[in-house]
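Chain by chain, the residues run as shown.
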Amino acid sequence: MTIYDIADRAGVSIATVSRVVNGSDKVRPKTKEKVLKVIEEAGYTPNVFAQGLGLNTMHTVGILVPDISDLYMSSAVSCLEDALHLCGYDCILSGSGFDIRNKRAHVQLLLSKKIDALIMVGSTYAGAGTDPTETDYIREAAKQVPVFLINGVVEGDNIYCAVCDDCKAVHQMVDAMIKSDKKRILFLTDSHSYSAQQKMLGYKQALSENGIAFDESLSLYVRNGIHEVYYQLLAQDDLHFDACFATDDSLAIGVLKYAKAKKLRVPEDISVVGCNNSYLSIACEPELTSIDNRLEDICRSTVEHLMNKLHGGNDIPSKTIVPSTIQLRAST
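Residues numbered from 1 in each chain as written. Predicted model: local features only at pLDDT ≥ 70, side-chain atom pairs only at ≥ 80, totals over all residues. Heavy atoms only, no water.

### Description of helix H5 (residues 71–86)
Helix length check: H5, at 16 residues, gives a terminal C-alpha distance of 23 Å against a target of 22 Å (1.5 Å per residue), a fit within 8%. Those residues of H5 not exposed but buried are Tyr 72, Met 73, Ala 76, Val 77, Cys 79, Leu 80, Ala 83 and Leu 84. Two or three places before Tyr 72, at the opening of H5, Asp 70 has a side-chain oxygen 2.9 Å from that residue's backbone nitrogen. Trailing H5 by a residue or two, Gly 88 shows a phi angle of about 85°, which is positive. (Helix = DSSP H or I, 4+ residues; strand = E, 2+ residues; numbered from the N terminus. Expected span 1.5 Å × (residues − 1). Buried < 20%, exposed > 50% of the residue type's maximum accessible area, 1.4 Å probe, protein only. Polar contact = N/O pair within 3.5 Å; in protein donor to acceptor, adjacent residues only side chain to side chain.)

### Focus on empty space enclosed by the protein
Inspection of the entire model under this criterion finds one cavity of 30 Å³ or more. Approximately 40 Å³ is the volume found for the largest cavity. Taken together, Phe 148, Tyr 160, Cys 161, Ala 162, Thr 302, His 305, Pro 317 and Thr 320 form the lining of the largest cavity. At three residues, strand S5 (residues 159–164) tops the list of elements feeding residues into the lining of the largest cavity. In the lining of the largest cavity, the residues fall into five nonpolar, three polar and no charged. (1 Å grid on protein atoms, 1.4 Å probe; cavity = no way out; pocket = protein on both sides within 12 Å on 5 of 7 lines; lining within 4 Å. Points joined across faces, edges and corners; volume = space filled by probe spheres on them. Nonpolar A, V, L, I, M, F, W, Y, C, P; charged D, E, K, R; others polar.)

### Remarks on the sheet that holds strand S6 (residues 185–189)
Strand order in the open sheet formed by six strands is S7-S6-S8-S9-S10-S12, with mixed pairing between adjacent strands. Every interior strand has two partners, whereas the edge strands, strand S7 (219–221) and strand S12 (325–327), have only one. Each strand axis lies, on average, 20° off the axis of its neighbour in the sheet, ignoring direction. In terms of strand pairing, strand S8 (residues 243–246) meets strand S9 (residues 271–275) through three bridges, oriented parallel. Bridging across to S9, Ala 243 finds its partner in Ser 271. (Pairing = 2+ DSSP bridges. Axes fitted to C-alpha atoms, helices over the stretch in contact; angles between N-to-C directions.)

Such coordinate-based values are descriptive only and should not be taken to indicate function.
Right, dumping it as C-alpha cells:
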C-alpha cells in the first residue's frame, strides 16, 4: 500500500493525503476523517518521502562525503545521522570522490531528491584556494537549499561552515616539540585541502617563532595509508628527522612502524603526533598523541544550526570555529 493507493481509495489528491499524515490544518475535517479511515483500514505507514509531498519539505537532508571508508568521514556521518533522526529528519548519503566533476554531479544528484538542506563533510569541498571558481557549484547549490560545510570554509550566501581551529592546535603542538629539543620536525600530509593548509600554517608559525627556518625537505606528501607511509619513509635514506606531525592518525602510525624498523626509540629518538584522535591512536604501541578536532561537537552544532535555519532562524553564524584539544600519550 502506497500513498497513491490511499489517495485513490479516499478519492483525494496525493497532496491531501500528505497534509493529513503530517497533521496540516489545511484539510477540511470531513476529508481528513475520510483519509484517516482509509489509512487505518489499510494499515498504511507513511514514509519520509510520502510525508514531504505537497508540503514543501521532505524532512530529508543530503550528506555528501568524498570517501565513506575514511574514519573521519564515517564517524561524521554516524554522528550527523543520529542527530538528524532525533530531530525527525532522514538523510540521503552520497560519496563523491575527490574529482571536481564528480563533486558537482553528486551535489546535483542530491538536489534532485528534493532535500531540505545539504551537509558536505570534508575540507576537500573547500578546494585548495588556488581557484575561486572551484567552489562555485556550492554557491549555486546554496541558491536552492541551505548548505552546511564541515571542516572547510566556503564564502557565500546561505552557506554555513564549521571548522576546528587546526592552525592553533598544530602551532601549540609543534611549539611544544621544539621546546622539548626537537629541531627537525617532519610535516606529513596526504592532502592539499583547506584543513591541511591551516595545519601547515600552524607548523610554519611555530618554526618561525622559535627561530627555525622552514625546510622544504621536511614537508612530505604521501598517500593516506599506514604501509604507504612506512615504505615511503624507508625508501628515503637521506631524510632525517627527530619528530613528526602527521595530519591523520593513520599517517602517524606509519611513522611509528618506520621508527620500529629503524630501531628508533619513541619518544626519545623521535616524537610522533597524529590528528583526529581516532581509535587508531590507542590501538597502536606506543599509544599516539593526537589532536582531537572535536568532530562530534562540530556535527551536533551543525545539526542545531541546520534545524534553526529550516525553522526560520536568521541568526545562524556563517562560520563556527571550535577549539581543539590535545590528547597527550606515550608517543611524545
